[in-house]
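Chains, contacts and geometry: an overview
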Amino acid sequence: MKPARCVLLILLFTTSIAGLFLSGCGSEQDPAPSQVSIPTSTVSTLSPMSISTSTVNDQARRLAETGVTHNSDWTPYTEEINGVEMALVPAGCFMMGSTVEQLKEVFQACKDNPEAEECDQAWFENEQPAHQVCFDKPFWIDVTEVTNSQFEAFGGQAAMPSSWPDRDHPRENVTWIEASAFCQTRGARLLTEAEWEYAARGPDAFVYPWGDAVIAGNVVYSQNSGSRAWDVGSKPGSVSWVGALDLSGNVWEWVTDWYGEYSPGQQVNPAGPDSSSYRVLKGGAWNRSIERIRAANRGRADPTSRHPSYGFRCGGDASLSPTQATTSSPLPGNRADALALARAGAARNADWTPYTETIDGVEMALVPVGCFMIGSNDGESDEKPVRQVCFGEPFWVDIYEVTNAHYGSFGHWPGDNLPRESVTWTQADVFCRQRGLRLLTEAEWEYAARGPDGLVYPWSNEFIADNVVYLGSSDYRTWDVDSKPRGVSWIGAFNLSGNVWEWVNDWYGAYPSVREINPTGPDSGSSRVLRGGSWYGSEDYVRAAVRYQGQPDTESSNLIGFRCGGITLP
């Protein structure tokens, strides 16, 4: 691990960042960096040997908050936060993206380059329009891409191993979901696209992190990589103005933004579109030509996809500190906070702290984005083949099975807090739609029960009789929906095992053998799926992977109930 570097030159500015916004912002037609006049009397040089480390820390942070107008105004400052070297990025403005003339030059250079892959102008047009972006607060960025050793040390979870397991190689072959969840375990986050590009280019808006000139020896790319990633930091000439390495080449880096077109106007701390089908990748990789590793270049991919060229690094707000960087899941404070965390995703059950709301008198739980292995190799034939299923958007699920009181009438057994059983699929479907919701898909139901860890039962991989209403404990009847609190699932839902079978939305059919995103099951069929087992089920039949089927219009018994859910709340 490299020792933390200290500031060698401290420049004290009297200009506030607000001044940058007012007097230093260029127009859309003038992509030059913003200029602020700095009185020479305010500039001083401090020897690192004459001041304490804490003084350097304080002055570096003050300077970062004041902001800079040129790359040369900033001397890289790094700290180790929980054993990871991170660089401080000062407030300031820059021109993000590329101008029309710049893209003409890039496309021509690509066509003239015999080593480039087949050129497509569309690869570059998404960098338009060039637009000014400002940051009113500093932030942190990892000096290097996250390595295999760091990923292991912080308990990172990924469904596929790294293609190159060396300790100092970047951790690649990760999805956006897995990368985002890992950063959260450090108390950090993925950078926004604008933060990433600013850290790479700075106020001077360099083409590459080191400057505007092509220097092949500064980067791991298609012509020198040997068709693989290299150890992080192998190209010290790649260092950016803030002291970050490999922002060009080696591996593409996931950022937090959904992919979309740029807005033309000036923006402050932009976070990108609210939604899309893809997430943004930045920086190019070992398998890309020199034109594709420019700092302005943009890649995109489904957030559940992975490749040996996809890696990442983490960052965070200026307040990030060792005491904040913990391995515990953040606690959502309100729906907006919870949805932001849920969209960031979870790579393991422990990454998520249950968040619930009472909506129209019904308590519902939020389920975060993520992936899991649906099905079981140890169960019935219709639970095979086991395959990966991923969710690109969070969704909601009733914490409890729909009760008699909520349904408005009794089933076989009276009691307001008992599950409403003896309903057909059609009756359950109509009831959920009247609430502005729907029945869960089969995959949603199983993910809510098992989570990214793919647990056998909602509470763990071990059967615990006291956690479930089943044949061995039920006394041949249903129980109140909140009667088994220790059987709660990772998202805070009760009785996903036992009590009553639950209708889900899917037609019953054989599982496909391919990985799926937001699957909805077969297009048609003769029966609908039931999940979760019941008060009459044995230990094996209350496993979360178990499937059953019933006729949607006629099947009704005191073994069958349901719960509602959906992507959005009414």
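Report on the accompanying structure. (Residues numbered from 1 in each chain as written. Predicted model: local features only at pLDDT ≥ 70, side-chain atom pairs only at ≥ 80, totals over all residues. Heavy atoms only, no water.)

Our focus in this paragraph is the packing of aromatic side chains. Across all of its chains, the model carries 28 aromatic pairs by this definition. When the ring of Y400 is compared with that of F494, the centres are 4.9 Å apart and the planes differ by 45 degrees; the resulting orientation is tilted. Residue Y400 is found in the loop between β17 (395-398) and α9 (404-407), and its partner F494 is found in the loop between α11 (442-450) and β19 (501-507); the two are separated by 94 residues along the sequence. Judged by its relative accessible area of 13%, F494 falls in the buried class. Note on Y407 and F562: the rings are 6.1 Å apart at their centroids and 80 degrees apart in plane angle, and the pair reads as edge-to-face. One end of the pair, Y407, is in helix α9; the other, F562, is in the loop between β23 (560-561) and β24 (564-566), with 155 residues separating them in the sequence. For R387, the ring lying beneath its charged end belongs to Y511, and the centroid distance is 4.6 Å. A cation over a ring is seen here: R528 above W507, with NZ or CZ 3.7 Å from the ring centre. (Phe/Tyr/Trp six-rings, centres within 6.5 Å; stacked < 30°, edge-to-face > 60°. Helix = DSSP H or I, 4+ residues; strand = E, 2+ residues; numbered from the N terminus. Buried < 20%, exposed > 50% of the residue type's maximum accessible area, 1.4 Å probe, protein only. Lys NZ or Arg CZ within 6 Å of the ring centre and 35° of its normal.)

Spatial ordering of the open sheet is given by β15-β16-β20, a layout of 3 strands whose pairing is mixed. Edge positions in the open sheet fall to β15 (370-374) and β20 (516-517), since each of these has one partner strand only. As defined by bridge partners, β15 adjoins strand β16 (residues 387-391) across 5 bridges and the pair is classed as antiparallel. Note that in β16 the partner of G370 across the bridge is F391. (Pairing = 2+ DSSP bridges.)

So, on to the nonpolar core. In this structure, W74, V89, I141, Y198, V242, W254 and F312 are the most contacted members of the largest nonpolar core, which totals 64 residues. In this view, V89 contacts P138, F139, I141, Y198, A199, W241 and V242; residues no more than four positions away in its chain are not counted. In this structure, F431, A448, W490 and V504 belong to the second largest nonpolar core, which totals 52 residues. (Core = buried A, V, L, I, M, F, W, Y, C linked by side-chain atoms within 4.5 Å. Contact = heavy atoms within 4.5 Å.)

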